[in-house]
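# Inside the fold
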Protein chains: 2
Amino acid sequence: MQRIYIQEVATRDGFQIEDQFVPTDQKIDLINRMGSSGLDKIEVTSFVSPKAVPNLKDAKEVIEGIDRKPDVTYTTLIPNVKGAEQAAECEADEVNLVASVSETHNMKNVRRKVDESFSDFKNIASFLSGTGIQINGTLATTFGCPFEGRISEDRVLTLINEYLELGAGGITLADTTGMGTPKQVYKLCEKVLTRWPNLPITLHFHNTRGMGLANVIEGIRAGVIRFDASLGGLGGCPFAPGATGNICTEDLVHMLAFMDYEMRVDLDQLIDTAKRLETILQREVPGQIIKAGKITDLHSVSYS
Amino acid sequence: MQRIYIQEVATRDGFQIEDQFVPTDQKIDLINRMGSSGLDKIEVTSFVSPKAVPNLKDAKEVIEGIDRKPDVTYTTLIPNVKGAEQAAECEADEVNLVASVSETHNMKNVRRKVDESFSDFKNIASFLSGTGIQINGTLATTFGCPFEGRISEDRVLTLINEYLELGAGGITLADTTGMGTPKQVYKLCEKVLTRWPNLPITLHFHNTRGMGLANVIEGIRAGVIRFDASLGGLGGCPFAPGATGNICTEDLVHMLAFMDYEMRVDLDQLIDTAKRLETILQREVPGQIIKAGKITDLHSVSYS
């Protein structure tokens, strides 16, 4: 049985674009339930400017307020050295850095050139050196950019290398706006794992165009075993109003569980947590399993 | 380039469960647009009892009213010899028979045992013999039954054989309530195609649990090249209110087109037709591409 690692991003990638601020105690309660359900990693929050992302202004309170399970990695997104300082104060297990492969997307997202982002990252890496806090490097728009279109595979490999040179222990290839196809995912992942066979690669898919779980299947076939997903399928893409968001954690775990992959996650507990998320947000979320039930949830027979 | 055949079911599998009756002229207009867009087969309607399925009470008017493209196969579902007579009067290219692999589901669906269904089918086949009308045999609940759970692969193979013995030229393996996993799809299709390497197999998936397009990928990997899909993702499952329906035709064609598969379909025309469907139904349909746009629909850059 192949072990697959499930990494949760709803409280960061999802909450940051919600219309409403989720109260701090509800965030903490939700993350505690996520931890108990057996997820391998949780991206708790983001230490960005509260002006830029008011929904995550309580980053410090949240990360300090949660119960930390010893076998869960608690990570946080940080944009700069100030964020690294905050993450260190809160004793995050890991920080997640984000640069886009596309120059245009990086400029739109963080208002600097990709080179400038990596210069900042070197300062972050220097600051974190010796703290024991791990660095994960995310490459946004790896499978396509909503402005530039297709992205060169060589450019992706070059930027992976830049992350590795500054000490990143893991790399996330992110399909930020859901542009990757299963064929493309297989091809790129095979190329990356041929060059770095032991590199912990995470695939971060959005289901914007319905290909999210198909992309997971092809990622696994290429040898990837770590996947980001968002409870309830929260998250989204500002260019695709109405389209679904990140791939949905409980839908992903459900599919892989019934394909006999080994995970630590308790699917029923995860589904309960997703239902709680719907209660908190008071709206329907895109996830399918909380609507359809598991494959094994059979119906009783009544002949009318 | 591998040629993939796209078969449309929205006006049958979709419309039969809509809350509203779609006017006959709108059905005809929609099917004409589907034909023009280059779909390979269209399941136009169903000759069932108007009492059982009032939405399709205009089956005869619809099939007689459409413009028939010579390279499109126009098929219709029929439940009995009376339906076969009607299909023959309207000169359908093909009739589609449906039996469930699961006894319980067959009883719920058509109120007879599976053996009884196949006895009826023999009479249908006798009636159609010499008419030139092809027979397609559909096996509902092939990948799982909402009452009985998992389905034996041997039982599926036995029933395929029964269809072939009565003269079916093609077989559809239907995942009626979205219970199949990609692994299961690959395994069963490989088994079927090992036994009947030249049999035209269609896979009919529902996206009830989000696995629809992932199942297509594994079906193709096993050698299947024919897929049913529903414009806008129409259709559904009575046991999963709120869950998505059949896999969505334009989402399927979009994915396969950007994976370089060869299809006859004009994707832009198909997307326009899906948007028209939304206008006709006056509600949002589950398809993602009409919300998110194609991968190649880039956004202009404006720095605010």
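Preceding this paragraph is the structure being described.
Residues numbered from 1 in each chain as written. Chains lettered and ligands numbered in written order. Predicted model: local features only at pLDDT ≥ 70, side-chain atom pairs only at ≥ 80, totals over all residues. Heavy atoms only, no water.

With that settled, the discussion passes to the relation of the copies chain B and chain A. Relative to chain A, chain B is turned by 180 degrees and slid 0.0 Å along the rotation axis, the superposed coordinates differing by an RMSD of 0.0 Å. Given the turn and translation reported, the copies of this chain are related as if by a two-fold rotation axis. Relative to the rotation axis, the C-alpha of Ala214(B) is the closest in chain B, positioned 1.9 Å from it. Same-surface contact between copies: 100% of interface residues of chain B are shared with the interface of chain A. (Least-squares fit on C-alpha atoms with pLDDT ≥ 70 in both. Contact = heavy atoms within 4.5 Å.)

Every contact between the two is made by 49 residues of chain B and, on the other side, 49 residues of chain A. Summing both sides of the interface, chain B and chain A together bury roughly 4,000 Å²; the carbon and sulfur share of this comes to 61%. For the chain B face of the interface with chain A, the top three residues by lost area are Arg209(B), Ile295(B) and His299(B), together amounting to 16%. At the boundary of chain B with chain A, the tally comes to two salt bridges. (Buried area = accessible area lost by both parts, 1.4 Å probe. Salt bridge = Lys/Arg side-chain N within 4 Å of Asp/Glu carboxyl O.)

Now for the packing of helix H7 (residues 153-165) of chain A against helix H8 (residues 182-195) of chain A. Residues and elements named next belong to chain A. Look at H7 against H8: their axes get within 11 Å of each other, and the N-to-C directions meet at 40 degrees. The orientation of H7 relative to H8 falls into the category oblique. Here the hand of the crossing between H7 and H8 comes out right-handed. Facing Glu 153, Asp 154, Val 156, Leu 157, Ile 160 and Asn 161 of H7, the residues of H8 in contact are Lys 187, Leu 188, Lys 191, Val 192 and Arg 195. When grouped by side-chain class, the residues that make up the contact of H7 with H8 number five nonpolar, one polar and five charged. (Axes fitted to C-alpha atoms, helices over the stretch in contact; angles between N-to-C directions. Helix = DSSP H or I, 4+ residues; strand = E, 2+ residues; numbered from the N terminus. Parallel < 35°, antiparallel > 145°, perpendicular 65-115°, else oblique. Left-handed = near helix turned anticlockwise from the far one by under 90°. Nonpolar A, V, L, I, M, F, W, Y, C, P; charged D, E, K, R; others polar.)

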